[in-house]
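# Residue-level structural notes
Given next are the chains, with one letter for each unit.
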Amino acid sequence: MLPALPVIAAEGPSGLPLPRFATTRSTPINVRIGPGTKYGVAWVYVKSGTPVEIVQEFDTWRKVRDVDGSEGWIHQNLLSGKRAGVVEPPEGETQVILLAGRSPDSGVRAYLGTGYRVDIAKCDGAWCEVSASYAPDNGGHASITGFLPQDKLWGVYKDEEFD
């Protein structure tokens, strides 16, 4: 039996690693079936800040995969390096606890359901500091910050560290 080798990310024509996560920059964004405007539209993103995984590059086009596994092509100018994630509770559970600190005993800030989108500020390989936006009962817009276990988010790799 051979020892497992570390997985090294490939580098695309942009000089950036592949795969990598990004977010949509604006709306609407046509996701195409091929790398160019001559290709048909597969679907349209209607909300900016949606997390996507860039899995391939061709010239100025990026092949992306979204949280449900669908793949298509987006022009590089329509993507941002900002990080966001989607809450993915363990199988059989419907929510993840947003904690006040990097510990299960740090106190509950909120309960986030499956598919809840969060902005990711930084990750240390085990925990991510995130911000969750919501609409309070009195109207308007608010957000709450806290920490999520890194393995409960789609939009960040296992053991990935960044700030």
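Residues numbered from 1 in each chain as written. Predicted model: local features only at pLDDT ≥ 70, side-chain atom pairs only at ≥ 80, totals over all residues. Heavy atoms only, no water.

## Some words on the state of the cysteines
- Scanning the model with the defined rule gives one disulfide in all.
- Through a disulfide, Cys123 is tied to Cys128; the S-S separation comes to 2.0 Å. Its S-S torsion of approximately 105° makes the covalent link between Cys123 and Cys128 right-handed. Cys128 matches Cys123 in its accessibility class, with the two residues each being buried. (Disulfide = S-S within 2.5 Å. Buried < 20%, exposed > 50% of the residue type's maximum accessible area, 1.4 Å probe, protein only.)

## Here we look at the nonpolar core
- With 16 residues, the main nonpolar core has Leu112, Val118, Val130, Leu148 and Leu153 as its most contacted residues.
- Sorting the residues of this core by element identifies β11 (95-99), β12 (108-113), β13 (117-124), β14 (127-134) and β15 (142-149) as the ones contributing at least two each.
- Leaving out residues up to four positions away in the same chain, Val118 has contacts with Ala84, Gly85, Val87, Leu112, Val130, Ser131, Ala132, Leu148 and Leu153. (Core = buried A, V, L, I, M, F, W, Y, C linked by side-chain atoms within 4.5 Å. Helix = DSSP H or I, 4+ residues; strand = E, 2+ residues; numbered from the N terminus. Contact = heavy atoms within 4.5 Å.)

## Concerning unusual backbone geometry
- Along the chain, Leu18 connects to Pro19 via a cis peptide bond; the corresponding omega equals -10°.
- On the secondary structure map, Pro19 appears in the loop between β2 (17-18) and β3 (20-24).
- The step from Thr27 to Pro28 runs through a cis peptide bond, and the omega angle for that step is -15°.
- Relative to the helices and strands, Pro28 is located in the loop between β3 and β4 (29-32).
- Of note in the backbone geometry, Asp59 takes a positive phi value of approximately 55° without being a glycine.

## Digging into the confidence of the model for the protein chain
- Within the protein chain, residue pLDDT values average 93, and 94% of them lie at 70 or more.
- Below pLDDT 50 for its whole length, residues 1-7 participates in zero contacts with residues either more than four positions away or in separate chains. (pLDDT = per-residue confidence, 0-100.)

## Considering the environment of Ile97
- For Ile97, the position within the fold is in strand β11.
- C-alpha of Ile97 to C-alpha of Pro149: the two residues are 52 residues apart in sequence and 9.1 Å apart in space.
- Residues in contact with Ile97, not counting those within four places in the same chain, are Val108, Ala110, Tyr111, Phe147 and Leu148.

## Observations concerning the side chain of Asp66
- Of note, Asp66 is situated in the loop between β7 (61-65) and β8 (71-75).
- Although Asp66 is buried, it makes no salt bridge; Arg65 carries the closest opposite charge, 7.7 Å away. (Lys, Arg positive; Asp, Glu negative; His and termini not counted. Salt bridge = Lys/Arg side-chain N within 4 Å of Asp/Glu carboxyl O.)

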